[in-house]
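Coordinate inspection notes
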Amino acid sequence: MLAAQQRLTCLNANDVLGQDPQATSVAQLFENAIAKLDSRAAEILSARLFADDPITLDELGRRYDVTRERVRQIEAVARGAMSSIIAEDGPLASLARAARAQIGFILPLDELLRRIPSLGERVESVAQPAWRVLDRLDDAYEIEDGWCVVPTMTAVESMTQTQLQEQADQYGVVRIEDLTLIESNTNRRSELTASWLTRCGYVVDGDFVLTRTSSVGDYAAAVLSLTGTPLSAQEIIDRFIFERSATSLRNAMASDDRFERVDRDRWALKEWGMEKYSGIRSLIREQIATNGGQIRLNDLIEFITGRYSVSANSVASYASIPPFEQRNGIVRLAGTDRSVGKAPARTRRLFRRPDGWAYRVRITKDHLRGSGSTAPMAIAMVLKLRFGQTLQLESPLGPQSIAWTGTQPSFGTIRRFLMDGDIAAGTEAFLVINDDGTFSFEPARTLTGDPLADTLSLIGAPMCAEPETARAAIATALTLPAESPVSSLIGACRDRGDADIADLLTSARDYLEKGYKPQPSERNSQVDEILDLL
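The model shown is predicted, which means the values in this text are computed figures rather than measured ones.

**As for the domain arrangement of the protein**
- Annotation of the protein at the domain level lists domain 1 (25-103 + 115-137), domain 2 (280-333), domain 3 (339-443) and domain 4 (445-519).
- Look at where the C-alpha atoms of domain 1 and domain 3 centre, and you get two points 83 Å apart.

Spelled out as structure tokens, the structure:
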């Protein structure tokens, strides 16, 4: 039996043609068989059985002036006659058996033609290659999309799925060489199998096939299972064959029990049992507790940077802000009486009112998109906000959040105020924290070029033209005595970083001191925004 199969496998065109001395090629064998049919039957087979786009029975009935049932009968008889030539002994029957033996279960069409080149010959009477004619006559296999399969494409796809399910590990990964889908005595079996799996829609990654890639989580688990080592989100995404973002993958893995975050951006399979990365702040807290309540900064840096991809500067930065403090190279938990930075009276753009504090901001596109914004440390002092807290202040448009959960306090989104007031990017506005614990939003007045008027606009004070009243309002905003001289107001502004207001006061000084009307001046808006955070 094995010898017979080997003979069929090695069968070539000469072996087939030798059985019919009058034939010059495989195509001629088919031409001879078709020529034995009457012309009408041959034309119907060509238009129906052998056509890529078959003509309907009704159309052929009209062409030959017979009923559609008569056309069907002629086609059936002609097909039976043609099918018999590959079922009975003879050269074409040998060719059909050879084709079946070569295909096995699955074989690319080009590989079949490489093994039996004569199947590529063209049968002119039906305008098809010999392999297509044989395929239409032989129900033992199908040829579709460049693949030959036994018995049908649906059956072989189902068989492929079943074999993959049986071989896959818990992450849907299968080694291609372990599959027995394609029979081949050459070293091309893995290559041909990979091509077939790709045709079926599976993801091939080197010597493996991934059977679960419908979600980013499944795909990522398969990639990690393959590599056997932690990877960053971007490194995992780079292995994907379709477009996804590293951010969406991080979010998916963070909520998936199969994964463990083992570094700032390195992920592992939880089954590997690797230590979980909990963040710089948690690591510092753990080391302080482990070392009896305090640890040398250098030791802390060495411990964390030696285990995780964290810079020494990041460790030092986190170790110096609440809830920690760092003095003389020693890091410990901060005391409850720790100072949070500059006092409100010395904080740039933050001005006192009779009933609260007003912090001036310039509206940006980020504000309009709904992003939160950083607040100066003095805001925490005004609200008695401690690290880790989030407060909700009542406002006319609903609660306004102010939190201190990162390195700086922050305001939650103010987008609803901007939409309500139709505020554009570039507008100056005040975020007002009232003494009664409420919040309000006020656009600043448009600057006019008048030094005194612009000063009052920039500190959020009411407009007034009387020098003494204006000077008292400015002093109140700076938390100075109402009778403070103009020189003190200018100095206070420069000390707190409000150089723009100091320049305006310098221009308005003669008017405030002597009543002389100042000349309009152009405001310089180039300021260092980083000072806002100090």
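Still more ground to cover, so stick around.
**Topic: the sheet that holds strand β21 (residues 439-443)**
- Judged by pairing direction, the sheet is antiparallel, and its 4 strands sit side by side in the order β14-β15-β20-β21 without closing on themselves. Strand pairing shows two members of the sheet lacking a second neighbour, β14 (350-353) and β21, which therefore form its edges. Ignoring which end each strand starts from, the neighbouring axes of this sheet average 25° apart.
- Of the pairings in the sheet, the one linking strand β15 (residues 356-362) to strand β20 (residues 428-434) comprises 7 bridges and is antiparallel in character. By the bridge assignment for β20, tryptophan 357 is matched with isoleucine 433.

**Some words on the state of the cysteines**
- Across all of its chains, the model carries 0 disulfides by this definition.
- Take cysteine 200: it sits in no disulfide, and the sulfur closest to it among the cysteines is that of cysteine 148, at 14 Å.
- Its sulfur unpaired, cysteine 493 is 15 Å from the next cysteine sulfur, which belongs to cysteine 464.

**Description of the UniProt feature "domain: RNA polymerase sigma-70 region" (unreviewed entry) in the protein**
- The feature "domain: RNA polymerase sigma-70 region" (unreviewed entry), as given by UniProt, occupies residues 33-79 in the numbering adopted here.
- As annotated, residues 33-79 comprises 68% helix and 0% strand, and the C-alpha atoms at either end are separated by 11 Å.

**Regarding the side chain of histidine 367**
- In this fold, histidine 367 is placed in helix α18 (residues 365-369).
- Residue histidine 367 is classed as buried on the basis of its relative accessible area of 7%.
- The residues touching histidine 367, leaving out its near neighbours within four places in the chain, are Arg362, Ser373, Ile414, Arg415 and Leu418.

**Describing the pairing of strand β12 (residues 324-327)**
- The pairing of β12 with strand β13 (residues 330-333) spans 4 bridges and is antiparallel. When the bridges of β13 are listed, phenylalanine 324 appears paired with leucine 333.
- Between β12 and β13, which pair antiparallel in sequence order, lie 2 residues; one of them, asparagine 328, sits at a positive phi of approximately 55°.

**So, the sheet that holds strand β18 (residues 400-403)**
- Pairing within the open sheet is antiparallel, and its 4 strands lie in the order β16-β19-β18-β17. One side of each edge strand has no neighbouring strand; the edge strands of this open sheet are β16 (373-374) and β17 (390-393).
- In the sheet, β18 pairs with strand β19 (residues 410-411) via 2 bridges, with the strands oriented antiparallel. Its bridge partner being in β19, isoleucine 402 is matched across the sheet by phenylalanine 411.

**A closer look at the pattern of salt bridges**
- One pass over the full model with this rule turns up 32 salt bridges.
- Measuring nitrogen to oxygen at the nearest pair gives 2.9 Å for the salt bridge that ties aspartate 58 to arginine 68. Here arginine 68 lies in helix α6 (residues 68-87) and aspartate 58 lies in helix α5 (residues 57-64), a separation of 10 residues in the sequence.
- Here aspartate 58 falls in the partly exposed class, since its relative accessible area comes to 39%.
- Arginine 68 gets classed as partly exposed once you look at its relative accessible area, which sits at 44%.
- Aspartate 256 is the partner of arginine 258 in a salt bridge, and the nearest nitrogen-oxygen pair spans 2.8 Å.
- A relative accessible area of 29% means that arginine 258 is categorised as partly exposed.
- Given a relative accessible area of 17%, aspartate 256 falls into the buried group.
- One salt-bridge network, held together by shared partners, links Glu111, Arg114, Arg115, Arg188 and Glu191.

**Here's the deal with the confidence of the model for the protein**
- A residue-level look at the protein finds 90% of positions with pLDDT of 70 or above and a mean pLDDT of 89.
- Confidence drops under a pLDDT of 50 for residues 523-528, and excluding neighbours within four residues, the segment shows 11 contacts in the predicted structure.

**Considerations on the nonpolar core**
- One finds Phe30, Leu134, Trp196 and Leu197 to be the most contacted residues of the largest nonpolar core, which totals 62 residues.
- Once residues lying within four places of it in the same chain are set aside, the contact partners of leucine 134 are Phe30, Ile86, Leu95, Ala96, Ala99, Leu119 and Tyr141.
- Within the second largest apolar cluster, 29 residues are counted, among which are Ala475, Ala492, Ile501 and Ala508.

About the cut-offs
- Residues numbered from 1 in each chain as written.
- Predicted model: local features only at pLDDT ≥ 70, side-chain atom pairs only at ≥ 80, totals over all residues.
- Heavy atoms only, no water.
- Domains from an automatic or database assignment.
- Pairing = 2+ DSSP bridges.
- Helix = DSSP H or I, 4+ residues; strand = E, 2+ residues; numbered from the N terminus.
- Axes fitted to C-alpha atoms, helices over the stretch in contact; angles between N-to-C directions.
- Disulfide = S-S within 2.5 Å.
- UniProt positions renumbered as here; feature names shortened; annotations may be inferred.
- Buried < 20%, exposed > 50% of the residue type's maximum accessible area, 1.4 Å probe, protein only.
- Contact = heavy atoms within 4.5 Å.
- Salt bridge = Lys/Arg side-chain N within 4 Å of Asp/Glu carboxyl O.
- pLDDT = per-residue confidence, 0-100.
- Core = buried A, V, L, I, M, F, W, Y, C linked by side-chain atoms within 4.5 Å.

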